[in-house]
Amino acid sequence: MIGKNSQMGRDLPQEGPQTNYLLFTLFYNKYFYNWSRVKLRYCDGGSFAGDNKFDNGTLVLFFRGQRIWKAIIEDLLPKGMRFANKALLSGCSAGGLASYLHCNNFTSYLPNTTTVKCLGDAGFFMDSPDITMNHTQRTFFQHLVTLQGIEQNLDENCTTSITDPKQCIFPQYLLKYITPPVFILNSAYDVYQFHHILVPPSADPRGHWNHCKLNPKECLPNQISVLQAFRVEMLTALRSFVFYSRRGGGTFINSCFAHCQSESQDTWFAPDSPQLHNQTIAESVGDWYFGRNVSIKVDCPYPCDTTCHNLIGANEYQYDHV
């Protein structure tokens, strides 16, 4: 989360090992380097949206993500955030999902004069069946919503317009109800979704996809066809957003095997960072946020993009915060 022209930056620590839009240096972060920045550590397991007590007589669990979100925001406001004239709520993975879920609420805390926008990086989790046509991710999200009491904190406009209100945790159903401008940064072959939504272990007990999961070059032709179909499904889910982006939306949907591309300098803004239409992710986000240019970018199918950093393997999804 980033706030421009607030007073929070006075007591921030000096630049450390962090990268991307949290950096304080103009060279690496030319659009947000002089902003006040706050990182919310992700710890609740439900994208800061849960508020429930689970008690089965033996085990008691408390889920307080929504209260944590509220407490942090209310703590930051008197420290300077209420004076911000520009604000960006962003996150990666579960934090990217949190950026979608809390975008409207974040706006409600700030003055009407504040320009508020939201960026979801690798948070556009698809409500898509796996290769066996089971809805593994839908079942997982439904259980998560029930366990953590998330439904009460989902967007009311969405929950009252859909058969199953729990589905509103998926960005593809929530997106049209988000009022501030949104930027969707996602790979069409998101590694997490590839490994856990499209081909979860339960759908491939004999490991036919193991080599493909570790190296796209090892994918068989029929596996590539499945991946291409998943890409088309994602673009279809985004179609209304792309074509009706009059509210200032932006996209950077590339064809890299990656998960979280704003959290590393290599993929955010470096000489060899991934590019679409000759722009890096940082440049596209900058153009979008400051209204310099319409930034709707969608890549051609794999393997056409030679600028990709295919972040696949043991460290493929190491970032989870907003």
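From a predicted model like this one, the values you see are computed outputs, not experimental measurements.

Engineer: Hey, could you run me through the pattern of salt bridges in this one?
Structural biologist: Pairs can form between side chains of opposite charge once their charged atoms are near each other. For the structure on display, the rule yields 6 salt bridges. Between Arg64 and Asp51 there is a salt bridge, and its shortest N-O distance comes to 3.4 Å. Taken together, the residues span a long stretch of sequence, with Arg64 in the loop between β4 (60-63) and α1 (65-76) and Asp51 in the loop between β2 (36-37) and β3 (52-55) at a distance of 13 residues. The closest approach of N and O atoms between Arg67 and Asp51, which form a salt bridge, is 3.0 Å. Taken together, the residues Arg67 in helix α1 and Asp51 in the loop between β2 and β3 connect sequence positions 16 residues apart.

Engineer: Please clarify how the state of the cysteines should be interpreted in this entry.
Structural biologist: In a disulfide, the sulfur atoms of two cysteines are covalently bonded to one another. If you walk through the whole model with that rule in mind, you get 6 disulfides. With its sulfur 2.1 Å from that of its partner, Cys103 forms a disulfide with Cys118. Linking Cys103 and Cys118, the disulfide has an S-S dihedral of approximately 95° and is accordingly described as right-handed. Taken together, the residues span a long stretch of sequence, with Cys103 in helix α2 (residues 94-109) and Cys118 in strand β6 (residues 115-121) at a distance of 15 residues. Here Cys103 matches Cys118 in class, with each residue buried. For Cys300, the disulfide goes to Cys304, at an S-S distance of 1.8 Å.

Engineer: Explain unusual backbone geometry here, please?
Structural biologist: The omega torsion of the bond from Tyr302 to Pro303 falls at 10°, within 30 degrees of zero and hence cis. In this fold, Pro303 is placed in the segment after β11 (296-298). Residue Phe48 is not a glycine yet carries a positive backbone phi of 60°. Using a relative accessible area of 0% as the deciding quantity, one classes Phe48 as buried.

Engineer: Would you explain the environment of Pro216 in this entry?
Structural biologist: Structurally, Pro216 is set in the loop between α7 (210-214) and α8 (221-243). With 96 residues separating them along the chain, Pro216 and Ile312 place their C-alpha atoms 8.9 Å apart. If we ignore the near neighbours within four places in the chain, the residues touching Pro216 are Ile224, Phe257, Tyr302 and Ile312.

Cut-offs and rules
- Residues numbered from 1 in each chain as written.
- Predicted model: local features only at pLDDT ≥ 70, side-chain atom pairs only at ≥ 80, totals over all residues.
- Heavy atoms only, no water.
- Salt bridge = Lys/Arg side-chain N within 4 Å of Asp/Glu carboxyl O.
- Helix = DSSP H or I, 4+ residues; strand = E, 2+ residues; numbered from the N terminus.
- Disulfide = S-S within 2.5 Å.
- Buried < 20%, exposed > 50% of the residue type's maximum accessible area, 1.4 Å probe, protein only.
- Contact = heavy atoms within 4.5 Å.

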